[in-house]
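Understanding the architecture of this molecule
Now for the letters of each chain:
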Amino acid sequence: MSSYSDTMPERETARLLLRPCTPQDVDELARILSNPAVMRYSPRGPIPKDRVKEVTQETLQFFIKHWQQHGFGVWAVVEKATVKLIGHCGLNFLPNSPEVEVIYRLDEAYWNQGIACEAAKVSLRYGFEEVKLDRIVTITAPEHTASRRVMEKCGLKYQKNAQFYNLDVVYYALARSEWRSDDSLYILQY
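What counts and what doesn't
- Residues numbered from 1 in each chain as written.
- Predicted model: local features only at pLDDT ≥ 70, side-chain atom pairs only at ≥ 80, totals over all residues.
- Heavy atoms only, no water.
- Buried < 20%, exposed > 50% of the residue type's maximum accessible area, 1.4 Å probe, protein only.
- Helix = DSSP H or I, 4+ residues; strand = E, 2+ residues; numbered from the N terminus.
- Arc of directions from axis to C-beta.
- Contact = heavy atoms within 4.5 Å.
- Core = buried A, V, L, I, M, F, W, Y, C linked by side-chain atoms within 4.5 Å.
- Salt bridge = Lys/Arg side-chain N within 4 Å of Asp/Glu carboxyl O.

The subject of this paragraph is helix α2 (residues 26–33). Every buried residue belonging to α2 is among Val26, Leu29, Ala30, Ile32 and Leu33, and all of these are buried. One face of α2 carries all of its buried residues, which in axial projection span an arc of 160°. In this structure, the buried residues of α2 make contact with α3 (36–39), α4 (52–70), β4 (84–93) and β5 (100–106).

Take a look at the structure:
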């Protein structure tokens, strides 16, 4: 019997390996999620120190289950040069919605290097080419300008202000018909 990680695809760029999340990622991911700056715009906000490991375990289980149920989900993002887990990125359903969102969260040391765009573009490509989604959305806090830049660089376009997770957000979307693959990113073909 194969495990979910045996059937879940990996993707690789020049700098990154996007691979299945595993329960063994808990300590590395907990270190990232324990940083209040990383969690500042998260719907759950900064995680209390005494709950970081528990919340991280729940997050990883959610990611693993989503892949098992839907055939797409969130990858662990690993820097190839150091083989270090530096965050996560991928696709999941928006809560209480049929819409699929692209999400990304990186260790603060990896901000402003184009890594979020690189990982998000891999996720968009997977969603449009492999899963055959017609549309992918993303949301963030209106004041989260760095995330909005990532969205725009990936081709997502502002649609409206909305409410998700009981928060005011800006809502961006991209249709498959408007999407353009950036083939220069990929060293392994699909």
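Moving on from the coordinates now.
In terms of nonpolar packing, the biggest core is built from 34 residues, with Val77, Leu124 and Leu156 touching the most fellow members. Elements with a contribution of two residues or more to this core: β2 (16–20), β3 (74–79), β4, β5, α5 (115–130), α6 (145–153) and β8 (167–175). Among the elements that line this core, the one with the most residues is α5, at 9 residues. When near neighbours in sequence (up to four residues on either side) are disregarded, Leu156 contacts Val102, Leu124, Ile136, Val137, Thr138, Met151, Tyr172, Ala173 and Leu174. Of all hydrophobic cores here, the second largest spans 18 residues; its members include Ala30, Val55, Leu85 and Ile103.

Moving on: the environment of Leu33. By secondary structure assignment, the location of Leu33 is in helix α2. Along the primary structure Leu33 and Arg105 are separated by 72 residues, whereas in three dimensions their C-alpha atoms are 8.8 Å apart. Apart from the residues lying within four places of it in its own chain, the contact partners of Leu33 are Met39, Ile47, Thr56, His88 and Arg105.

Bringing the pattern of salt bridges into the picture now. Following the criterion strictly, the structure yields 9 salt bridges and no others. Taking the shortest distance from any N to any O, the salt bridge between Lys80 and Glu12 comes out at 2.7 Å. In this pair, Lys80 sits in the loop between β3 and β4 while Glu12 sits in strand β1 (residues 11–12), placing the two residues 68 residues apart along the sequence. The partner of Arg51 in a salt bridge is Glu54, with the nearest N and O atoms 3.2 Å apart. Using a relative accessible area of 33% as the deciding quantity, one classes Arg51 as partly exposed.

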